[in-house]
Amino acid sequence: MADQAEFDIGDDKSLLLVDDDEPFLRRLARAMEKRGFEPEMAGSVAAGKAIATARPPAYAVVDLRLEDGNGLDVVETLRETRPGARIVVLTGYGAIATAVAAVKIGATDYLSKPADANDITAALLAVGDALPPPPENPMSADRVRWEHIQRVYEQCDRNVSETARRLNMHRRTLQRILAKRSPR
């Protein structure tokens with residue numbers, strides 16, 4: 001692990017975790033605590049922004065899509081209150097456009113779920129522009145494709161015909177894909 005002085009945040013191990021998936025949030029908090037961080041949890045954009053304003057942390061892990069809004073709002077608040085904070089944005093809906101938006105707003109890194117505590121720690125502690133090592137278990141190409149189809153399907157309010165049109169895919173092909181389980 002890198003020396004904390006390199007990050008210009010001293011010995012501050014405060015960590016804000018923002019995710020609306022409560023079981024995941026609790027597991028991640030326990031895992032990060034074991035790695036020496038002092039986690040504080042928030043289950044919404046509003047709670048995350050309140051903590052970021054009241055007690056700006058040195059580190060943050062923020063989910064992109066939350067029930068009450070966009071996690072990038074929390075990232076913006078953190079950048080205003082603590083410009084040197086190391087922020088990792090997590091999402092189950094990985095897309096290049098959202099990754100670019102997250103980095104432009106001030107995120108240090110962007111990871112697709114499922115990311116484990118080791119991947120998150122590596123991203124938080126990466127020095128400068130150095131990339132963290134590749135994930136141990138990256139999503140397969142089939143899984144990435146399936147995730148994309150599911151995201152578009154949800155955005156089209158689960159309308160198969162509209163989803164097929166937007167994906168330039170035959171409707172029956174899409175129905176077969178949606179009927180199957182997610183690939184690993």
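Keep in mind it's a predicted model, so treat the numbers as computed, not measured.

## Points about the packing of helix α6 (residues 141-155) against helix α8 (residues 171-179)
Between α6 and α8, whose axes approach to 11 Å, the crossing angle comes to 110 degrees. Taken together, the axes of α6 and α8 are roughly perpendicular relative to one another. Two secondary-structure elements touch here, α6 through Arg145, Trp146, Ile149, Gln150 and Tyr153 and α8 through Leu174, Ile177 and Leu178. Considered class by class, the residues forming the contact of α6 with α8 number six nonpolar, one polar and one charged.

## What to know about the environment of Ala117
Locating Ala117 in the fold gives a position in helix α5 (residues 117-125). Under the relative-accessibility criterion, Ala117 is labelled buried at 13%. Distance in space between the C-alpha atoms of Ala117 and Arg30 is 9.6 Å, their sequence separation being 87 residues. Setting aside residues no more than four positions away along its own chain, Ala117 makes contact with Leu28, Ala31, Met32 and Arg35.

## Some remarks on helix α2 (residues 45-54)
Those residues of α2 lying buried are Val45, Gly48, Ile51 and Ala52. Seen along its axis, α2 keeps its buried residues to an arc of 130 degrees; they face one direction. Exposed residues on α2 whose side chains face more than 90 degrees from its buried face are Ala46 and Ala54. Lining the buried residues of α2 we find β1 (14-18), β2 (38-42), β4 (65-66), β5 (69-70) and α3 (72-81).

Parameters at a glance
Residues numbered from 1 in each chain as written. Predicted model: local features only at pLDDT ≥ 70, side-chain atom pairs only at ≥ 80, totals over all residues. Heavy atoms only, no water. Axes fitted to C-alpha atoms, helices over the stretch in contact; angles between N-to-C directions. Helix = DSSP H or I, 4+ residues; strand = E, 2+ residues; numbered from the N terminus. Parallel < 35°, antiparallel > 145°, perpendicular 65-115°, else oblique. Contact = heavy atoms within 4.5 Å. Nonpolar A, V, L, I, M, F, W, Y, C, P; charged D, E, K, R; others polar. Buried < 20%, exposed > 50% of the residue type's maximum accessible area, 1.4 Å probe, protein only. Arc of directions from axis to C-beta.

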